[in-house]
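Residue-level listing of the chains:
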Amino acid sequence: MAKIIAERLNFYYGDFRALADISMHIEEYQITALIGPSGCGKSTFLRCLDRMNDTIPGTRVEGKVWLDGQDIYAPGTDVVDLRRRVGMVFQRPNPFPQTVFDNVAFGPRVLGLHKKENLADIVEASLRGAALWDEVKDNLKQDALSLSLGQQQRLCIARAIAVRPEVILMDEPCSALDPIDTLEIEELMRRLKVDYTIVIVTHNMQQAARVSDWTGFFWLGRLVEFAATQDMFTKPTHELTESYITGRAG
Amino acid sequence: MNQPQRFRWAEFTIEALIRVLGFSTIGFVLLIFLFLLREGLPTFFEVPLGNLFGTRWYPTFDLFGTLPLILGSALVTLTAIVIALPLGVATAVFVREVAPGWARELLKPMIEVLAGIPSVVLGFFGMTVIAPLVRQTLGAPTGLTAFTGALILAYMSLPTLISVAEDALDAVPKSYRDAGLAMGATQWQTIWRVVVPAARSGIVTAVMLGLGRAIGETMAVMMVTGNAARLPLTLDSLFRPVRTMTATIAAEMGEVAQGSVHYHALFAIGIILFLMTFLINLAAALTIFQKRRRGGLR
């Protein structure tokens, strides 16, 4: 079942058309990878899905994005609630300069979840969900910035799942990490997809092949090909896709 | 052979000159401090400590109690900061986080102009506008009160406070804001719970610098606080005349016999003031240092 449907989505930075007529189905409880060279629009597309592009002045969106059948760009959409339902993990780990506990508790506190349930339970569940609990459980009061980069990124994932989103968007989440941390995050993604719909932007094609169920290939603001990952990497239909995934283009 | 030799000499001379100039700045500060000590330290031998830290400043009768002056300065300065802190931080947040681009471009230079208003002009303003206003609203016998002084001082420390706090907010990486918004926090929640706490040490520094500026301010304070050297320990002290350390020195130095006990006592006040500002600035410097050391992504 499609969780998100983009329909003829166009995006402009001023006069520059960064996305051209993107239509895509994102399946629920699956991992969808977006690949393509730098500047091809894959990150811009990702940020359209939780309207994070709204924070950049001088930009414009045309077309529709349906989340569970609701157009998130319809007038009157509650953007704050949308971003609660669609969480995001960024390229560089960006924990707040606060304690580990406060980082994970940030969302529940802001949304008032802690009034209904025990905050410590939410924090523990989220840290367990992000495979970080065992490493930090003895010192939840430590400064988040004192963790290793890989741990910081898993903390950011814990922070994102603490508000129980339905979708998690990941914008090149491993590009600042070493190979071991990268494998850990990938392992984590496979476990998370049981509960969440995941969309990941990656410049690493092996990562897309290893972790995703569906792959979209972007080139110069267009979605060239979208297919099940297995098909995409074994028998791409477009010549451009084949050139890119075999390393001859991009 | 000769050419490079001459070049090195030029290099050496210039380097030495710069070094001398650089060290001389520190030297001057040191000399000023030594002068202050030379003129002020004798007080501590000439006047018994019980008198010096007594409750009455009345030099004509050899009463040199600095306590009313120290507390007067403290009362005016701290009240000023209590008024200036919320105003300053709110303005900085508005300028940096909320205001549209054109408003920011307009506001920033205007705030800097505020810093350039001579304090005597603010004193005028305080005497003729604020003081009558305070008198009328409170029904007090005089509008020249600690509170009036605090209002003027708050106004004077605002430009420093705002621009330093704004720099601190500016230094908060955009990734923190993005993370807050992406969690489903509103803009206000993101500012209040992420950006301002992340800029906390910078805001503390801003307060310290504002405090340092306020405590040393003389002219405006002398004009609007009424200058009565009474111990401000009662509840209504804030709305009664008070006298600060700076105002005392400025008012009395012109008429004192050089070398007299009174003369030395004024310098002793100067030493106390110097120590207080020094400690405040040191605290500010330490917060900055700590922030640098924690560093991280900043």
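Along each chain, numbering runs from 1 in the same order as the chain's sequence is written. Numbering of ligands from 1 and lettering of chains from A proceed in the order in which they are written. The predicted nature of this model means local features are confined to residues of pLDDT at least 70 and side-chain atom pairs, given and counted, to a pLDDT of 80 or more, with totals for whole chains, interfaces and linings taken over all residues. Think of the side-chain values as coming from all heavy atoms in the structure, minus any hydrogens and water.

Draft legend 1. Geometry of the overall build of chain B. Helical segments are the DSSP runs of H or I of at least four residues, strand segments are the runs of E of at least two, and each set is numbered from the N terminus. Counting its regular elements, chain B contains 13 helices and 2 strands. Principal axes of the C-alpha set define a box for chain B whose edges measure 75 × 65 × 30 Å. For every residue, the accessible area (1.4 Å probe, protein chains only) is compared with the maximum for its type, and the residue is labelled buried under 20%, exposed over 50%, or partly exposed between those bounds. Evaluated residue by residue, chain B yields a buried proportion of 43% over its 298 residues. Residue contacts follow a heavy-atom distance rule, with two residues in contact if any of their heavy atoms lie within 4.5 Å. Across chain B, the fraction of contacts at a sequence separation of at least 24, relative to all contacts at a separation of at least 6, is 71%. In the structure as shown, chain B presents an accessible area of about 16,000 Å², 71% of it carried by carbon and sulfur atoms. The charge count includes Lys and Arg as positive and Asp and Glu as negative, but it does not include His or the ends of the chains. Just so you know, the charge point we use is NZ for Lys, CZ for Arg, CG for Asp and CD for Glu. A distance of 8 Å separates the average location of the 22 positive side-chain charges in chain B from that of its 16 negative side-chain charges. Calculation of accessible area relied on Shrake-Rupley with a 1.4 Å probe; when residues are assessed, cover is drawn exclusively from the protein chains displayed.

Draft legend 2. Just the interface of chain B and chain A, in detail. Of the residues lining the interface, 20 residues belong to chain B; the matching set on chain A comes to 28 residues. With both sides pooled, the region where chain B packs onto chain A buries about 1,900 Å², and carbon together with sulfur makes up 65% of that total. Two N or O atoms form a polar contact when they lie within 3.5 Å of each other; inside protein one atom must be a possible hydrogen donor and the other a possible acceptor, and for residues adjacent in sequence the pair counts only when both atoms belong to side chains. One can count 3 residue pairs in polar contact (both at pLDDT 80 or more) joining chain B with chain A. Contributing elements (two or more residues each) for the side of chain B that touches chain A: helix H8 (174-182) and helix H9 (187-198) of chain B. Here's the idea: put two parts together, see how much 1.4 Å probe accessible area each one loses, and the total over both is what we call buried area.

Draft legend 3. Structural context of the environment of Glu166(A). Residues and elements named next belong to chain A. Within the secondary structure, Glu166 sits in the loop between helix H6 (149-161) and strand S7 (167-171). On the basis of relative accessibility, which here comes to 24%, the residue Glu166 falls in the partly exposed class. Through-space distance from the C-alpha of Glu166 to that of Lys3 is 9.0 Å; in sequence the pair is 163 residues apart.

Draft legend 4. Representation of the side chain of Glu97(B) in the model. Residues and elements named next belong to chain B. Of note, Glu97 is situated in helix H4 (residues 67-98). A polar contact of 2.3 Å, which involves the side chain of Glu97, links it to the side chain of Arg177. Apart from residues lying up to four places away in sequence, Glu97 is in contact with Ala92, Leu169, Arg177, Gln187, Ile191 and Val195.

Draft legend 5. Structural context of the packing of helix H5 (residues 101-115) of chain B against helix H7 (residues 146-170) of chain B. Residue and element names in this part refer to chain B. Angles shown run from 0 to 180 degrees and are taken between the N-to-C directions of axes, each axis being a line fitted to C-alpha atoms and, for helices, limited to the stretch in contact. Running from N to C, H5 and H7 point in directions that differ by 140 degrees, and their axes come no closer than 8 Å. When the interaxial angle is binned, H5 and H7 end up oblique. Once H5 is placed against H7, the crossing between them reads as left-handed. On H7, the residues touching Lys108, Ile111, Leu114 and Ala115 of H5 are Tyr155, Pro159, Ile162 and Glu166. Of the residues assigned to the contact of H5 with H7, the class counts are 6 nonpolar, no polar and 2 charged. Should an angle fall under 35 degrees it is taken as roughly parallel, and over 145 as roughly antiparallel, whereas 65 to 115 is taken as roughly perpendicular and any remaining angle as oblique. The hand of a helix crossing depends on one turn: near helix anticlockwise from the far one by less than a right angle means left-handed, and clockwise means right-handed. In this classification, the charged set is Asp, Glu, Lys and Arg, the nonpolar set is Ala, Val, Leu, Ile, Met, Phe, Trp, Tyr, Cys and Pro, and all remaining amino acids, among them Gly, are polar.

Draft legend 6. Main features of the packing of H6(A) against helix H7 (residues 179-192) of chain A. Residues and elements named next belong to chain A. Close contact between H6 and H7 brings their axes to 9 Å; oriented N to C, the two are set at 20 degrees. Taken together, the axes of H6 and H7 lie roughly parallel to each other. Relative to H7, H6 is oriented so that their crossing is right-handed. In contact with Gly150, Gln153, Arg154, Ile157 and Ile161 of H6, H7 contributes Asp181, Glu184, Ile185, Leu188 and Leu192. A per-class count over the contact of H6 with H7 returns 5 nonpolar, 2 polar and 3 charged.

Draft legend 7. Quick look at the packing of aromatic side chains. Centres within 6.5 Å are what make two rings of Phe, Tyr or Trp a pair, Trp counting through its six-membered ring; a difference in plane orientation under 30 degrees is then read as stacked, over 60 as edge-to-face, and the rest as tilted. One pass over the full model with this rule turns up 16 aromatic pairs over all chains. With a centroid separation of 5.1 Å and an interplanar angle of 5 degrees, the aromatic rings of Tyr58(B) and Phe61(B) are classed as stacked. On the basis of relative accessible area, Tyr58(B) is assigned to the partly exposed category, the value being 36%. Members of the aromatic cluster, each reached through a chain of ring pairs, are Phe96(A), Phe106(A) and Tyr176(B). Counting as a charge over the ring demands two things of the Lys NZ or Arg CZ atom: a distance within 6 Å of the ring centre and an angle within 35 degrees of the ring normal. Between Arg60(A) and the ring centre of Tyr12(A), over which it is positioned, the NZ or CZ distance is 4.3 Å. Directly above the ring of Phe96(A) sits Arg159(A), whose terminal nitrogen or CZ lies 4.4 Å from the centroid.

Draft legend 8. Expanded view of the side chain of Gln153(A). All names here are of chain A. As for its position among the elements, Gln153 is in helix H6. With a relative accessible area of 0%, Gln153 lands in the buried category. For Gln153, the contacting residues outside a window of four places in its chain are Val89, Phe90, Gln91, Arg92, Pro93, Pro173, Leu177 and Ile185.

Draft legend 9. Geometry of the state of the cysteines. We call a pair of cysteine sulfur atoms a disulfide when they lie within 2.5 Å. Enumeration according to the criterion identifies 0 disulfides over all chains in this entry. Left without a disulfide partner, Cys40(A) is nearest to the cysteine sulfur of Cys48(A), which lies 13 Å away.

Draft legend 10. Structural context of the sheet that holds strand S2 (residues 16-27) of chain A. Spatially, 4 strands are ordered S2-S1-S4-S5 (chain A) in an open sheet, and the strand pairing comes out antiparallel. What marks the edges here is a single partner per strand, and that holds for S2 and strand S5 (70-71) of chain A. Two strands pair under a simple rule: DSSP has to find at least two bridges between them.

Draft legend 11. Molecular detail of the nonpolar core. Ranked by size, the top nonpolar core spans 78 residues in total, and within it Leu19(A), Leu34(A), Phe45(A), Leu49(A), Leu169(A), Val199(A) and Phe218(A) carry the most contacts. With 12 residues, the top contributor of residues to this core is H7(B). Val89(A), Phe101(A), Ile157(A) and Ile198(A) belong to the second-largest nonpolar core, a separate cluster that totals 46 residues. In this text, buried Ala, Val, Leu, Ile, Met, Phe, Trp, Tyr and Cys residues form a nonpolar core when linked through side-chain atoms within 4.5 Å.

Draft legend 12. Structural view of the domain arrangement of chain B. Residue and element names in this part refer to chain B. Domain ranges listed in this record stem from an automatic or a database domain assignment. As assigned here, chain B comprises domain 1 (2-40) and domain 2 (49-294). The distance between the C-alpha centroids of domain 1 and domain 2 comes to 34 Å. Contacts between the two partners involve 6 residues from domain 1 and, on the opposite side, 7 residues from domain 2. Where domain 1 touches domain 2, the interface holds 1 residue pair in polar contact (both at pLDDT 80 or more). In terms of residue class, the side of domain 1 that touches domain 2 is made up of 4 nonpolar, 1 polar and 1 charged.

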